Amino acid sequence: MRTEICNFSGFKIYPGHGKTYIKADSRSYRLINGKCESLFLQRIKPSKLDWTIVFRRLHKKGQAEEASKKRSRRTVKAQRAVVGATLDAIKAKKAQKPELRASLRAAAAAKSKEAKKVAQEKKKAELSQVKAAQKGNISKQQSKGAGKKIQATSR
């Protein structure tokens, strides 16, 4: 015995019962009774009618068996090595005292500032040498390496 399901209400349709409604685009709909057919043709949403299966599913009615909620697994945090630092090195850094880490960070910052200052002075010296080599009226653009301005000859 093959049962169908009503396209409107969601109820089972047993053999010998119900109607099949076929639209012009050749889609067929199985409806259990005249009430469902009438509401279907009026284009009333089955989710708005509280006696339909669709409504009951949407509003979680009649699901007494599934009362116990599923338990969600807690995510386990795992530490992994990063490119350039092994896991042991990371753990050793975490184990260090905050004061020691702060002093190391300050020392590294001072070292990088010093290197930056040296590079800046070197660049300044190079620029002054270039200026000394190019005597005369030189614009700011030309000192940076731009070509000479071409004078207009038409006037």
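Bear in mind the structure is a predicted one, so any value in this text is a computation, not a measurement.

## Examining the pattern of salt bridges
A side chain of one charge can pair with a side chain of the opposite charge if their charged atoms are brought near each other.
So, point 1. According to the stated counting rule, one finds 4 salt bridges in the structure shown.
So, point 2. Note that Arg-30 and Glu-4 form a salt bridge whose closest N and O atoms lie 3.4 Å from each other. Separated by 26 residues along the polypeptide, Arg-30 in strand β4 (residues 28-31) and Glu-4 in strand β1 (residues 4-5) bring together distant segments of the chain.
So, point 3. On the basis of relative accessibility, which here comes to 21%, the residue Glu-4 falls in the partly exposed class.
So, point 4. Among the ionic contacts, a cluster of salt bridges with common partners joins Arg-2, Glu-4 and Arg-30.

## Section: helix α1 (residues 34-41)
So, point 1. Among the residues of α1, Cys-36, Glu-37, Leu-39 and Phe-40 are the ones counted as buried.
So, point 2. Turning to α1, the residues buried within the fold contact β3 (19-22) and β4.
So, point 3. Looking one or two residues beyond α1, the residue adopting positive phi is Arg-43, at roughly 60°.

## Section: the domain arrangement of the protein
So, point 1. Domain annotation for the protein reports domain 1 (4-59) and domain 2 (88-130).
So, point 2. Computed from C-alpha atoms alone, the centre-to-centre distance between domain 1 and domain 2 is 75 Å.

## What about the environment of Leu-100?
So, point 1. Among the secondary structure elements, Leu-100 is positioned in helix α4 (residues 98-133).
So, point 2. A residue is classified by how much of its surface remains accessible, and Leu-100, at 43% relative accessible area, is partly exposed.
So, point 3. Residues Leu-100 and Arg-57, spaced 43 residues apart in sequence, show a C-alpha to C-alpha distance of 61 Å.

## Overview of a positive patch on the surface
So, point 1. A surface patch of positive charge is lined by Lys-93, Lys-94, Arg-101 and Arg-105.
So, point 2. Elements represented by at least two residues in the positive patch include exactly α3 (87-95) and α4.
So, point 3. For Lys-93, the location among the structural elements is in helix α3.

About the thresholds
Residues numbered from 1 in each chain as written. Predicted model: local features only at pLDDT ≥ 70, side-chain atom pairs only at ≥ 80, totals over all residues. Heavy atoms only, no water. Salt bridge = Lys/Arg side-chain N within 4 Å of Asp/Glu carboxyl O. Helix = DSSP H or I, 4+ residues; strand = E, 2+ residues; numbered from the N terminus. Buried < 20%, exposed > 50% of the residue type's maximum accessible area, 1.4 Å probe, protein only. Contact = heavy atoms within 4.5 Å. Domains from an automatic or database assignment. Patch = residues over 30% accessible without salt bridge, like charges linked within 9 Å, V, L, I, M, F, W, Y side chains within 5 Å. Areas by Shrake-Rupley, 256 points an atom, 1.4 Å probe, with all protein chains shown as cover. Lys, Arg positive; Asp, Glu negative; His and termini not counted. Charge placed at Lys NZ, Arg CZ, Asp CG, Glu CD.

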